[in-house]
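Next come the chains, spelled out residue by residue.
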Amino acid sequence: MDIVLSGIRSTGHLHLGNYFGALRNFVKIQDSYRCFFFIADLHSLTTHPHPDDFHANVRIILSEYLASGLDPEKAVIFVQSDVPEISELYVLLNMLSYKGELERTTSFKDKVRLAKAKARNKPLNEISYDDHDDEGININAGLLTYPVLMASDILAHRSNFVPVGKDQEQHLEYARVLARRFNNTYGCDIFPEPRALDFGSGLIRVPGLDGSGKMGKSQGNGIYLCDDDRTITKKVMKALTDSGPVGPDSPMPECIANLFTLLELVSAPDTVDYFRGKWRDCSIRYGDLKKQLAEDICNTVRPIREKIDSVYNDDAYLHRVTGEGREKARASASETLALVRKAVGFKSF
Ligand code: TYM
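Residues numbered from 1 in each chain as written. Predicted model: local features only at pLDDT ≥ 70, side-chain atom pairs only at ≥ 80, totals over all residues. Heavy atoms only, no water.

Asks: Account for the overall build of the protein, naming residues and giving values.
Replies: Each helix and strand counted, the protein has 13 helices and 5 strands in total. Compactness check: the protein gives a C-alpha radius of gyration of 22 Å against a globular reference of 20 Å for 349 residues, within 12% of the reference. A burial count over the protein gives 48% of its 349 residues as buried. A separation threshold of at least 6 residues defines the contact pool for the protein, and within that pool the share at least 24 residues apart is 76%. Accessible surface, the protein: about 17200 Å² in total, of which carbon and sulfur atoms supply 50%. (Helix = DSSP H or I, 4+ residues; strand = E, 2+ residues; numbered from the N terminus. Rg over C-alpha atoms; globule rule 2.2 N^0.38 Å. Buried < 20%, exposed > 50% of the residue type's maximum accessible area, 1.4 Å probe, protein only. Contact = heavy atoms within 4.5 Å. Areas by Shrake-Rupley, 256 points an atom, 1.4 Å probe, with all protein chains shown as cover.)

Shown next, in the form of C-alpha cells:
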C-alpha cells in the first residue's frame, strides 16, 4: 500500500489555509493509504519559541488534528521530536545538500526578508534579500536547512505521496532531489521519489482577507479553526473590497477574486454561481456576498471548534494517541535508517 505522509508546524492555531490546503485532505485519505501525520515541532524552533509555548503549541495542533477528524485507529499520528531517527537522517542528508541551492529556496528568501523587516521596523517592500546587513537578525542555519529537515520527515518513512498546499511545492521538489541524490550517491534504491497528492484539482492556495497573498499565521490575515461565529463574521465583514464592477463582465480585482476562492471552498456550487452571475451583471452587493461567506465559513468551522476544547483537555487520550503514534512511527523510521546506515557504510565493531 502506498505511504502518505504530511505534517504541520506547531506555531499557533490552524487557519483555513492549513485546513483546506492540508488537514481536510489528511482526513479524506486516511482510509485509503498507510498514513503518517505528524506535528512538526522541530521546524517550529527556527523562531525560538518560549519553552512554555513550545509544548502548548504541540498540544494545540494535536487537538485540532483530532477534532477535525484525524483518527488514530486509521493513521499514525505522532510528534516529530518523538522520532529521533528523523534527526539522524537530517544530519546525513545535510551532507548531500548544497548551500547555493538552499539559498535559492523561495521560502528561505521570504523568511529572511520578513526577519529583516521586523528587526528594522520597515515595510516588507523596502527590504531586499540580497543586502548582507543582517548582523544580530535571527537568520539561523535551521532556517536555511528547513527543506532538508522536511525531506527527512518524508524520506524517513519512504513516503510515496505528500498532501500539502501550493506553498510547499518547492520543498517537496527538494525532497525528490535528495531522494535521487542519496540513491545515486550510494548506489541504492532506498527512497522512492515522493509526489504531491492534490486530488486532481491542483495544489491550492487559500488567500487571506486582506486583498492579496495567502492566508498565513505570520500574515495576521487568517480565520482560525478555534474562532467563534462572531469573530469569523467580524473578520469576513471587514475583508478588503473595491468599489464594485465597472461594467458587465469586467475583470475581477484580486481582493474580490479571493472572496470567491473562499466561497468556492465553503459554499454550495449554486451559491457560487449565483454570486458570479451577480458580479457579471454588475448587481452584486458585497455586503450580501460577505454575509453568505461568513455564514458558510461558520458552518464549516463550528463542528470542529466545538470538539477542540474537550480533546485539548483529555490528558489520557492525548497521552495514548502520541504514545501509540511514537511507537509506530519509530518502527517505520528505524527500518529505513537501518538501510540508510548500511548504504552509507556504518558498521559496528
Ligand atoms: P505549515 O505549517 O506552514 O503549513 C501546513 C500545511 O498547510 C498548508 N498551508 C496552506 N495551503 C493552502 N493555502 C494556504 N494559505 C496555506 N497555508 C498553509 C501548507 O501547504 C502545508 O501543507 N513545512 C511544512 C510542514 C512540514 C511538512 C513536512 C509537510 C514539515 N515537514 C513533511 C509535509 C511533509 C510547513 O511549513 O507547513
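Still more to cover.
Asks: So what's going on with the packing of helix 11 (residues 269-280) against helix 12 (residues 286-312)? Residues and values would help.
Replies: At a closest axis distance of 11 Å, the pairing of helix 11 and helix 12 adopts a crossing angle of 165°. It follows from the interaxial angle that helix 11 and helix 12 lie roughly antiparallel. At the point where helix 11 passes helix 12, the crossing takes the left-handed sense. On helix 12, the residues touching Thr271, Phe275 and Trp279 of helix 11 are Tyr286, Asp288, Leu289, Gln292 and Asp296. Its residues assigned to classes, the contact of helix 11 with helix 12 comprises 4 nonpolar, 2 polar and 2 charged. (Axes fitted to C-alpha atoms, helices over the stretch in contact; angles between N-to-C directions. Parallel < 35°, antiparallel > 145°, perpendicular 65-115°, else oblique. Left-handed = near helix turned anticlockwise from the far one by under 90°. Nonpolar A, V, L, I, M, F, W, Y, C, P; charged D, E, K, R; others polar.)

Asks: Break down helix 11 for me, with residues and values.
Replies: One turn of an α-helix holds 3.6 residues; hence residues three or four places apart share an orientation. The terminal C-alpha atoms of helix 11 lie 16 Å apart, and with 12 residues this matches the ideal 16 Å at 1.5 Å per residue to within 8%. Residues of helix 11 that are buried sit in contact with helix 10 (254-266) and helix 12. Cys282 occupies a position one or two residues after helix 11 and carries a positive phi of about 65°. (Expected span 1.5 Å × (residues − 1).)

Asks: Help me get a handle on the packing of aromatic side chains, residues and values and all.
Replies: The tally for this structure, following the rule as stated, stands at 9 aromatic pairs. Ring plane angle 10° and centroid distance 4.4 Å describe the contact between Phe26 and Phe37, whose orientation is recorded as stacked. Within this pair, whereas Phe26 is found in helix 1 (residues 16-29), its partner Phe37 is found in strand 2 (residues 34-40), the two being separated by 11 residues in sequence. Like Phe37, Phe26 is buried. Relative to Phe161, the ring of Tyr33 lies with its centre 5.9 Å away and its plane at 65°, an arrangement referred to as edge-to-face. (Phe/Tyr/Trp six-rings, centres within 6.5 Å; stacked < 30°, edge-to-face > 60°.)

Asks: Can you break down helix 12 residue by residue, with the values?
Replies: Taking 1.5 Å of rise per residue, the 27 residues of helix 12 would be expected to cover 39 Å, and the 37 Å separating its terminal C-alpha atoms lies within 8% of that figure. If you look at helix 12, its biggest bend is around 35°, right at Val301, and the proline Pro303 turns up within four residues after that. (Bend = angle between axes of the 7 residues up to and from the residue.)

Asks: Tell me about the site of the ligand, and name the residues and values.
Replies: Of all residues adjacent to the ligand, which total 27 residues, the nearest are Tyr146, Asp153, Gly165, Asp167 and Val206. In this structure, an oxygen atom belonging to the ligand sits 3.1 Å away from a side-chain N or O atom of Asn18. Between a nitrogen atom of the ligand and a side-chain N or O atom of Gln168, the distance comes to 3.0 Å. Starting from 710 Å² of accessible surface for the ligand in isolation, the protein chains cover 98%. If you tally residues by element for the shell around the ligand, the top one is strand 1 (residues 3-9), at 5 residues. For the shell around the ligand, the class distribution of residues is 13 nonpolar, 9 polar and 5 charged. (Near = heavy atom within 4 Å. Polar contact = N/O pair within 3.5 Å; in protein donor to acceptor, adjacent residues only side chain to side chain.)

Asks: Run through the environment of Phe36, naming residues and quoting values.
Replies: Along the polypeptide, Phe36 turns up in strand 2. Along the primary structure Phe36 and Ile3 are separated by 33 residues, whereas in three dimensions their C-alpha atoms are 7.7 Å apart. For Phe36, the residues in contact, after removing those within four places along its chain, are Ile3, Val4, Leu5, Ser6, Val76, Phe78, His157, Lys328, Ala329 and Ser332.

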